[in-house]
Amino acid sequence: MRFSAFEILKQGLTGNKGWKPHWRSPEPKSHYDVIIVGGGGHGLATAFYLAKEHGITNVAVLEKGYIGGGNVGRNTTIVRANYGLEGNSQFYSHSLKLWENMEADFNFNAMHSQRGIINLFHSDGQRDAFARRGNMMISQGDDAILLDREGVREMLPYLDYEQTRFPIYGGLYHPRGGTARHDAVAWGYARGADMRGVDIIQNCEVQGIDIENGKVVGVQTSKGPIKCGKLGLVTAGRSSQTAAMAGMRLPIESHVLQAFVTEGLKPCVDHVVTYGMGHFYISQSDKGGLVFGGDLDFYASYAARGNLPMVEHVVEAGMTLMPMIGKARMLRSWGGIMDMSPDGSPIIDRTHIDGLYLNCGWCYGGFKAVPGSGFSMAHLMATGNHHAPAEKYRLSRFETGRGLMDEEATGAQHNLH
Amino acid sequence: MVKLIAKSAAEGLLPVEVAGVRVEEIVAPLASLSPFQGQDAALGKALKKAHGVVLPKAGQITQAGEVSCHWFGLNHVMLMGAAPDASLAKVAAVTDQSDAWCRVRMTGEAARDVLARLTPIDLRDAALPVGATARTDIQHMSGALTRVGEDVWEVMVFRSVARTLVHDLTTSLETVAGIAEMRSA
Amino acid sequence: MRVDGKGRIDRSATRSFSFAGKSYQGFAGDTLASALLANDVRLMGRSFKYHRPRGVLTAGSEEPNALVTIGSGAGQEPNVRATMQELYEGLEARPQNAWPSLDWDVLEINDLISPFLSAGFYYKTFMWPKAFWEKVYEPFIRNAAGLGALSGSDDADKYDKAFAHCDVLVIGAGPAGLMAARMLGLAGLDVILADESWELGGRLLSETEEVGGQAGSDWAAGVAADLGDMPNVRVMTRTTVTGAYDGGIFGALEKVGHHGPVPNGAPRETFWRIQTKRAVLAAGALERPIAFANNDRPGVMTAGAVRTYLNRYGVAPGRKIAVFGNNDDAHRTAMDLQDAGVEVAAVIDSRDDVSVPVDAKVMAGARVVGTKGRLGLREIMIDTGRGVRPLQVDCLAVSGGWNPSVHLTCHMNGRPVWEPSIASFVPTPGAVPGLVACGSAAGDMATADVLASAARVASDIAADLGKSAPTAELPEAEGHVYAIEPLWDAGGKGRAWLDFQNDVTTKDVRQAAKENYASVEHMKRYTTQGMATDQGKNSNVAALAVLADATGRGIPETGTTTFRPPYSPVALAALGAGAKGKGFAPERLTTSHAATVARNAPMIEAGLWYRPSYFPQAGETTWRESCDREVGWVRDAVGVCDVSTLGKIDIQGPDAGAFLDFVYTNTFSTLKVGKVRYGLMLREDGHVMDDGTCARWGDTHFVMTTTTAAAGQVMKHLDYVHQCLRPDLDVSIVSATEQWAQFAVAGPKSRDLLNALLDAPIDNESFPYMGCGPVSVAGVAGRLFRISFSGEHAYEVAVPARYGDSLFRMLVAQAEALGGGAYGMEALNVLRIEKGFITHAEIHGRTTAFDIGMGRMVSSKKDCIGQTMAARPGLVEDREELVGFRPARPTGKLLAGAHIYPLDGDAVRERDQGYITSVAYSPTVGTDIALGFVRNGRNRMGEKLRMMDHLRGEETLVELCDPVFVDPEGGRLRG
Amino acid sequence: MKISCPICGDRDIREFTCMGHASMLNRPDPHAGAKVWNEYLHNRENPAGVIDELWWHGQGCGAWLVVTRNTVTHEILGARLARDVKKEMRDAG
C-alpha cells in the first residue's frame, strides 16, 4: 500500500478499516544471503539499502526485542552534517544527502525538518575552532554560516545575552541541520525494506555465531539456527556482547546518555541550539515538547537510565543559557546505551572472520548517521569494498594510530567523547 | 620603603548576618602536611611535640588551644592556627596554604538548613557530629566542611571563589529565612 | 454547586479569583478545580489534537484535561493542573490551547475531520512537495499542537534545591503512609514523610469511612499531630516524590510558594534530593476511567474524584449525577452523594449481580455507551442489555477500577506484575532496592488491609535497620472486599477515549495493532497513547487491555511500557535552581581582579577564571590600539601581567624526580636545584596533554606549572598516575595554585623594575635565564622564576595571595614609571605568537610532540606516559606539522580557523593541506602572522600556499615560515 | 548513585569522576608491543554485569578508587583504594 493524502482520504471515508501492516512478521527462513543482527535504525537501513542499492533481498534483520527499541527510539532526534575532521566530514555529508531524500525512498514521513542548528561559542578560541570546522563543512560541500553575537541574537532572541555565565560570542549556523521524528525513521526503513522482500524478525535473540574454518555460516537464535552467507553485527550498545560470540573484544565501552522532554508548549524554540560550554542542546518537537540533552553520565551502563547529578547539570546549563525555559516542566527522562569508541568516531569494517562485518562505535551521534551508516554498511557487505565516504572507519586505526578522528580531542578515554 | 598590604580572601564580603545566622571569615595560618611513605606515626609524633595536637583520623579534627589539625584528604592533613614547625618537613611534605583558602564560620540554628542547600553530605548529628570534618562538594566547588559546635560550622573553599561562596551562602540564608517567614505566617 | 455541611474548606475565608477573564469566589481549602466546579464551570480546557471541550477528569496530579495557565507576564506558568492548584486570593487563571476562546475554538474543526487524522496519519502524508514540510505543514502542526505557552522571557521567581538525609522515606501520607510513618517514628528512625497535598490523609480526606471509630480524616489529623511531636520525623507536605534513583536517592519537588504570595527570599519550589536507607511506597492508587463513546465530555469524571469534590471540597460536580462502574468502590460515590442530598440519577454497573444500598435506579449488567452535550454533559446513553436508552444527567461518575501507583517502582527498569484479583498491575518486590510498597500501592484495596500491610512493612523495615517497632495497634477500619470485573471498552457508536489529552481512542489502538504496531511500545509511539502530561496514568492499563484484545494476547503477555522519572512533571527552574546567570559555575577571581576592573579592562572568561583582555587608555578606540601599545611596552620597556591562573603544583618527596620523569616526556631528575625546565606532558594515547615549566626548588621539592586551561586535568592526571600506576613512588602532590599570586614582569626593563621592589637586588648571575629561587619582595617572602612567555627578558614573581592586590598595583605603578604598564590576554597572545610559543590552540588534543616539532623531547631512555603510543606509525608519519604563516603581501589578512590549500585548483576538502590555529597582527613584524599546521610543513618552508576562509570570504596568499617570528636566536631572553 | 568511599563513607556520585575500566591499572611494559598496548588502551571487556571501574573522589578526599559495580542494575558491590589494588597487583607480579 502506497501512502498518500489520497489514501488517507479514502481510508478515512471507509472507517480506517483498510490499513495494512507496515511490515510483515514472518517466521525466519532456514537460510539468508545476509543476516543483520540488530533491528535498530542502522540495521534496518543496512537491510533497506542492501535491497534497494544492491538487489540483495534474501535478507533477514534479527531483533531481540521490537524494532527501533534502541537508540533510534530514544535520542534527541538531531540530524546534521557539521563535522570538522577528514573522514567524518565526507561521511556525514553523504548521510545528510540521504536524509534529504529518504522519505520519498521509503514512502513514509519521518518529518525530517531542516530547521537549522546553531552551535554557540563562548570565547575567541572556540570561535576559531568552530571557524575551522565551518570551513571544513563548506569545503566538503555542506553549508555553514559564522554568526556573530548580534547574528545569533536575531535568530535566538530568548537567550540570556547579559548575565549568562559564559557569554555568547556567536555561533556556527548549519541551515541544513535539523531534526526528525526518530521512531518514524526506524519504521520507514522497516517498511521500505519489507516492501523489497527483507524479513524483519522481532523477538528473535541471537545467542551464538557459527563459524567454520574462519568463515561465518550462521547464527543460533531464540527461534532456532539460521544459516547465512554474510553476517552484519549492527548492535550499538550491545556490540561487545554480540562480538564476543565471535570471540572478539571491541574498542567499545557502553555508557548511558540521558535525554529529556518537557510538557507540550506552544512554539518557542525554532532551531536546534547547542551550548558549547555546558554540554546542552535543545530543540522543540512538533508536538511542543522541548527535547534536550547533555553529556554522558560517564559510568558504564546497560540500564538505559541515568541519575540526578547529570539531570541537574544539563538543566542548569539550560537555565544559564536560556532562563525563559524555567517554567517548562520536565515530563520524562530516559537513557540510551551508547557504544563509545576510543576516538569518538564509528567503525564500519570487516573483521578477521570471513563474512563477518561490524558496524558500531557511534557514541551518541548515531541517529543522524542512520542512512549513511546503512548505505555504507550495505555497500561494504554487498561489494566487499569500503564505501568511499566511510572508508576511514577502520577498526585498525587504534592500533596503528592512522586516521584517528577525535572530534572532541579528548584522547583514548571512551567516556570523554 | 614600599610595603605590601595584606588582604584576606573574603575581605569586604563578610561578615553577613541574616535571620540570626552569622557568617564571618577566619584568618589563620594553614599548612598542608602529607606524610612520606611509612611516616604517619612519625608525623603524629612530631605534630604532638611541636604543636601539641594529635594527628587526626580520617574525617576528624584535633585541637590544642589555638592550634588545630583537620584531616584534609587522602594522606593529607591541614595544620591550622600555627606556622608549621621545621621538624615536620623531615617526615612530611609541607605546603603553606595560608593564602590558598577562604575559611568562613557560620553560626546559628538555621545554619544546617543553609548548608543542606549547598552540599550533598549527610549533616545529621550521627553522620557529622561536633569535631567531624568532610571534604565535599560545596555548590560545585571543592570544599571542606567542619562542624566545630552544635550550631557552628566552618566552610573552606579555594580563595579565588570566595565571592561565589559568599554569594551562595547569602542566597541560601535568604531562602531559609524566607521559608521560615512563610511557615510562620 | 456547593453542598452545605460538606467539605474541609474554610467557608469563613472567601477567596476571589478569575478564570478566562471572569471573576469568581471560592474558599480557603479549595483547589482551582473545586472552586470552578462550585461555580458551575465545567469547561476548563481543550484536548491536544481534536481540541475537544474538556472538564476535570480527576481531582489529583494525574489530571489530563483541566490544564490552565496561571499568572501573566514574564512569570506566567503554563499547564498547571487546576486540580492541584490551591486557591488563593487574586489567583488569575487562563485557559490554554484554545483560540479565540475556550467556548469557541477554531481548531475544533480538527474534530470534524478526525476520520482523516487517525493514528499515525502524519507519517503517511505531508511528503509532497518536499519543501512544504518546513514551510507549510510543520509550522501549522506546531502551532496547532502544544498546550500552554511560555512567556518567552526570564522571570524573577526564585527556585531552590536542597539535600535531605533520612533512614526511611515514606512516600504518601494516606492511611498507609501515616501508619508506617508513625510506627517508624516511634521506633526511633529518622523519617521523612512526603505527600503532594497540603494536608495529610490522602484518600481519607475524600472518603466518609471511619478509622479507629472516628472519621477517617480525624484519625489522619491525630496521626499528623503525633508525627508533629516527633523530632525524628520530618513531614513534607506539598512535596511530590518524583523519581527513584540508584543508591537510595529520591528526587522530590516541594511546592513551597504556589499557594499565595511569596515573601522575599522564599522560593516557589524546592527540588529535594533525598538520600535514604529505605523507602516505603504508600502512594495509593489512581482510579481509571472506562472507554465508551464520547466519554470525554466535561461532566464525565472518575467516581473517586466526585467523592473528593463532595467530601473534601463540599462541591457537587453536578445536580443530577449518574454513577457507572465495574466495581463496588463506585457505589460509594452514589451513597455519599445521596447522603449529601445530591440527586443520583442512576447507578449503572456492568456486572450482572449487584446491589447498592441507595435510593436510586440501579442498573446491573448495563453500560454507558454514549453521551451528549457540546460543552458539557447533558445526557448519557445506557445499554441495558435490552436496548439503549437515554438518561439526562449533567455529571457521570465513572470507575473502571483502581491502579496501584506503581510508577516509582518502575523507575529503575522494574516491570510491574499483573494481579487478576484487582485487574491491575502491582509492584514487583525489590524493583527498586530498599523500596517496599504497601497499602493500595501494593494492591491492598480495603482500608483495614491497607493499615495492616503498612504496619507489617514498617515493622520489617525497623527490624532491618536494627530497631524494634512498637507493636502495631491497628485501628478498626473498613474491610470490604474490592470486587471488580474488568471492563475496558464499553463500546458505543463513535470514538471512545483512552488518552484524553492526546486524543487517543480505542479505534487508534486497534488500528495500530492492525498496522503491525503490535508491540506495546510501538502502539504507544505510533498512537502517542500515554505520552501526554499524565504519562498514561489514566489510560495505560486500559490501552494495553484494548491492544491485548486486538492482538489476541493476554494482558500480562502484552506487557507494559515503562514509567520513567519524574512521577509528575518538574519545572526546569527547580531542577536547575541556582544556575541562572552566573550561578551555573563558580567564578574564579585573581587577586588583581579589583585593580584590573578599576582600570576598565574588559574581562574575559578563561575556564572559570576571569582575566583582562586589555587595559584601555584614554584616546584608544579599538582593542587593537591598546593591544599594540601593550605589546610595544613589553618589547621596548616592561609589562606586567597576572599569571596566577596557571596551575602551580607542589611535588615533594624522595621520588619526586622519578615521578616527574614518568609524567613528562623529558627528564627532570637531572635538573639542578634553582633551575627551571620546560616540560611536555602526553596523554597515554601519545597526544600532548599540556606543557609548562617545572622548577626544582629543593632536592626533593619541585614546583610544576601547568596551563590555565589544563590545571584541573593535570592535577587529576598526576593523582591518577601516582595512585593507580606508581603508588610505589614516595611523592606528595599538592595544588598550590591559590596560595600564590604570580605576575609576569616582561621586557628589557623587567629587572630594573624588580630591583626597585626586591629587598636584595638580582643580576644575571644570581638569576640567569631559567633560574629560580626565593626572594624577599618588599619584606614578604616570595618566589622568583626567570622564565618568559614573550621572548623577552622576563620573570615571574610570586607572593602569598594576600599580598597579590598590593603587589600588582605596585608592579604596575613601577612599570608605568619605566615607560610600560599592565598588559592583558590580547597582548600576551600576540607576544607568544610572535615567539612561536604554543597554547591549547595548538596543543588542542589531537597534536603530537612530533607535530609541534618536539619529537626529540620524548626521551627514549626512560618510560613515560604516552611514550609507547606516541610511537605508533600514524602519530609520526605524514602528519600536519606546526608552521608559521606570513601573508605574501604585507596587507594580507590571516584568519584563525581558515584552511590551507594549494595555489591551484578548488579549495575543497580533498585538497586540504592544513589550517590556521592562531593569528595576530604583529606590531613588531608589521603584518598579520599566524601559527598553524600543514601537512609535512617543516619540509615546506618558504612554499606559497593559499589560505581560504569560506565562512568569511577571505582568501590570502601565504608563505610557510618558521613559527618563531621574533628573535629566533633567543638573545633577548638571556639579556 | 552513592559510592562508599573507603575513606569518606557513603557519598553521592556527584563528588566523583569516572575514568572507565579499571583495567587501566594494568599498564603494560613499554616494550610489550603494539597489540598489547592496543588491547590495554582501547579494547574492553565491557560486560553487561559486574565491572571494575576507576572513580576519582575529586570533590572529596582525592582518592582514586576501584569500584565494583553492576552495569545492568547499577548496584555497587564494593570500593577499594586503587593504590592498594595496584600494590597487590605488583606484589602478585
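Along each chain, numbering runs from 1 in the same order as the chain's sequence is written. Written order determines the labels here, with chains lettered from A and ligands numbered from 1. Since the coordinates come from a predicted model, pLDDT governs what is reported: local features require at least 70, and pairs of side-chain atoms require 80 or more to be given and counted, while whole-chain, interface and lining totals use all residues. Where side-chain values are given, they derive from all heavy atoms of the structure, hydrogens and water being excluded.

### Side note on the overall build of chain C
Scanning chain C from terminus to terminus reveals 23 helices and 52 strands. Taking the principal axes of the C-alpha coordinates as reference, chain C spans close to 110 × 70 × 55 Å. In this scheme, a residue with accessible area under 20% of its type's maximum is buried, one over 50% is exposed, and one in between is partly exposed, where area comes from a 1.4 Å probe on protein chains only. Across the 975 residues in chain C, those meeting the buried criterion constitute 66%. Taking as baseline every contact in chain C between residues at least 6 positions apart, the subset at least 24 positions apart corresponds to 67%. Here the accessible surface of atoms and residues is derived via Shrake-Rupley with a 1.4 Å probe, and residues count as covered only by protein chains that are part of the display. Surface summary for chain C: the accessible area is close to 31400 Å², and the carbon and sulfur share equals 51%. Numbering of helices and strands runs from the N terminus; a helix is a DSSP stretch of H or I covering at least four residues, while a strand is a stretch of E covering at least two. Throughout, a residue-residue contact means that at least one pair of heavy atoms, one from each residue, lies within 4.5 Å.

### Description of helix H15 (residues 623-636) of chain C
All names here are of chain C. To estimate how far a helix should extend, the number of its residues minus one is multiplied by 1.5 Å. Helix length check: H15, at 14 residues, gives a terminal C-alpha distance of 20 Å against a target of 20 Å (1.5 Å per residue), a fit within 8%. Along H15, the residues classified as buried are Ser626, Cys627, Arg629, Glu630, Val631, Gly632, Trp633, Val634 and Arg635. Along its buried surface, H15 packs onto strand S36 (639-642), strand S42 (740-746), strand S46 (821-822), helix H20 (825-835) and helix H23 (971-974).

### Considering the interface of chain A and chain C
Quoted interface sizes are often the accessible area lost when the parts come together. Contacts between the two partners involve 126 residues from chain A and, on the opposite side, 122 residues from chain C. Broken down residue by residue, the surface that chain A buries against chain C is led by Arg132, Arg165 and Lys327 of chain A, which jointly contribute 9%. Any carboxyl oxygen of Asp or Glu that lies within 4 Å of a side-chain nitrogen of Lys or Arg is treated as forming a salt bridge with it. Along the contact surface separating chain A from chain C lie 13 salt bridges. Ionic pairing is found between aspartate 183 of chain A and arginine 525 of chain C, a salt bridge with its closest N-O pair at 2.7 Å. Looking at the side of chain A that touches chain C element by element, the count peaks at 12 residues for helix H4 (residues 124-140) of chain A. In short, buried area is how much 1.4 Å probe accessible area vanishes from two parts on joining, totalled over both.

### Considerations on the pairing of strand S52 (residues 954-961) of chain C
All names here are of chain C. Relative to S52, strand S47 (residues 880-887) runs antiparallel, the two sharing 4 bridges. Bridge pairing links arginine 886 to glutamate 959 in S52. Linkage of strand S51 (residues 944-949) to S52, two consecutive antiparallel strands, is achieved through a turn of 4 residues, within which glycine 953 is found at a positive phi near 65°. Two strands are counted as paired when DSSP detects at least two bridges linking them.

### A few points about the pattern of salt bridges
In the structure shown here, the tally under the stated rule is 111 salt bridges over all chains. Note that arginine 319 of chain C is salt-bridged to aspartate 40 of chain C, the shortest N-O span being 3.1 Å. Here arginine 319 of chain C, found in the loop between helix H6 (303-312) and strand S19 (320-325), pairs with aspartate 40 of chain C, found in the loop between helix H1 (32-38) and strand S3 (45-46); they are 279 residues apart in sequence, far enough to count as distant. Taken together, the shared-partner salt bridges connect Glu263, Lys327 and Arg329 of chain A together with Glu77, Arg81, Asp155, Asp157 and Arg268 of chain C into one network.

### As for the interface of chain B and chain C
Chain B puts 46 residues into the contact, and the matching count from chain C is 59 residues. Together, the buried faces of chain B and chain C total about 4200 Å²; carbon and sulfur atoms form 54% of this surface. Counting across the interface, chain B meets chain C through 7 salt bridges. A salt bridge links aspartate 160 of chain C to arginine 117 of chain B, with the shortest nitrogen-to-oxygen separation between them at 2.9 Å. Polar contacts, as counted here, are pairs of nitrogen or oxygen atoms within 3.5 Å of one another; within protein the pair requires one atom able to donate a hydrogen and one able to accept it, and residues that are adjacent in sequence qualify only if both atoms are side-chain atoms. Applying the counting criterion to the chain B and chain C interface returns 32 residue pairs in polar contact (both at pLDDT 80 or more). Among the secondary structure elements, those contributing two or more residues to the side of chain B that touches chain C are strand S3 (30-35), strand S7 (92-96) and helix H3 (162-184) of chain B.

### Side note on the domain arrangement of chain B
All names here are of chain B. Domain limits in this description derive from either an automatic procedure or a database domain assignment. Under the domain assignment, chain B is made up of domain 1 (14-27 + 100-185) and domain 2 (30-97). Placing the centre of domain 1 and that of domain 2 at their C-alpha centroids yields a distance of 25 Å. Facing 12 residues of domain 1, the contacting portion of domain 2 comprises 11 residues. Surface buried jointly by domain 1 and domain 2 totals about 970 Å² across both partners, of which 64% is contributed by carbon and sulfur atoms. Broken down residue by residue, the surface that domain 1 buries against domain 2 is led by Trp101, Thr133 and Arg135, which jointly contribute 44%.

### Describing the environment of isoleucine 171 of chain C
Residue and element names in this part refer to chain C. The residue isoleucine 171 is located in strand S8 (residues 159-171) in this model. Isoleucine 171 sits in the buried class, given a relative accessible area of 5%. For the pair formed by isoleucine 171 and proline 404, sequence separation is 233 residues and the distance between their alpha carbons is 13 Å. Setting aside chain neighbours within four positions, we find isoleucine 171 in contact with Ala194, Val241, Phe250, Ala279, Val280, Leu281, Ala282, Ala283, Leu408 and Leu435.

### Quick word on the sheet that holds strand S22 (residues 367-372) of chain C
Residues and elements named next belong to chain C. A sheet is described by the order of its strands in space; here 3 strands give the open sequence S22-S23-S24, paired in antiparallel fashion. Pairing within the sheet leaves two strands with one partner each, and these edge strands are S22 and strand S24 (388-392). Neighbour to neighbour, the strand axes of the sheet diverge by 30° on average, direction disregarded. Pairing geometry for S22 and strand S23 (residues 379-383), over 5 bridges, is antiparallel. Counted as the bridge partner of glycine 370 is methionine 381 from S23. Interaxial angle, 0 to 180 degrees, is taken between N-to-C directions of lines fitted to C-alpha atoms, where a helix line uses only the stretch in contact.

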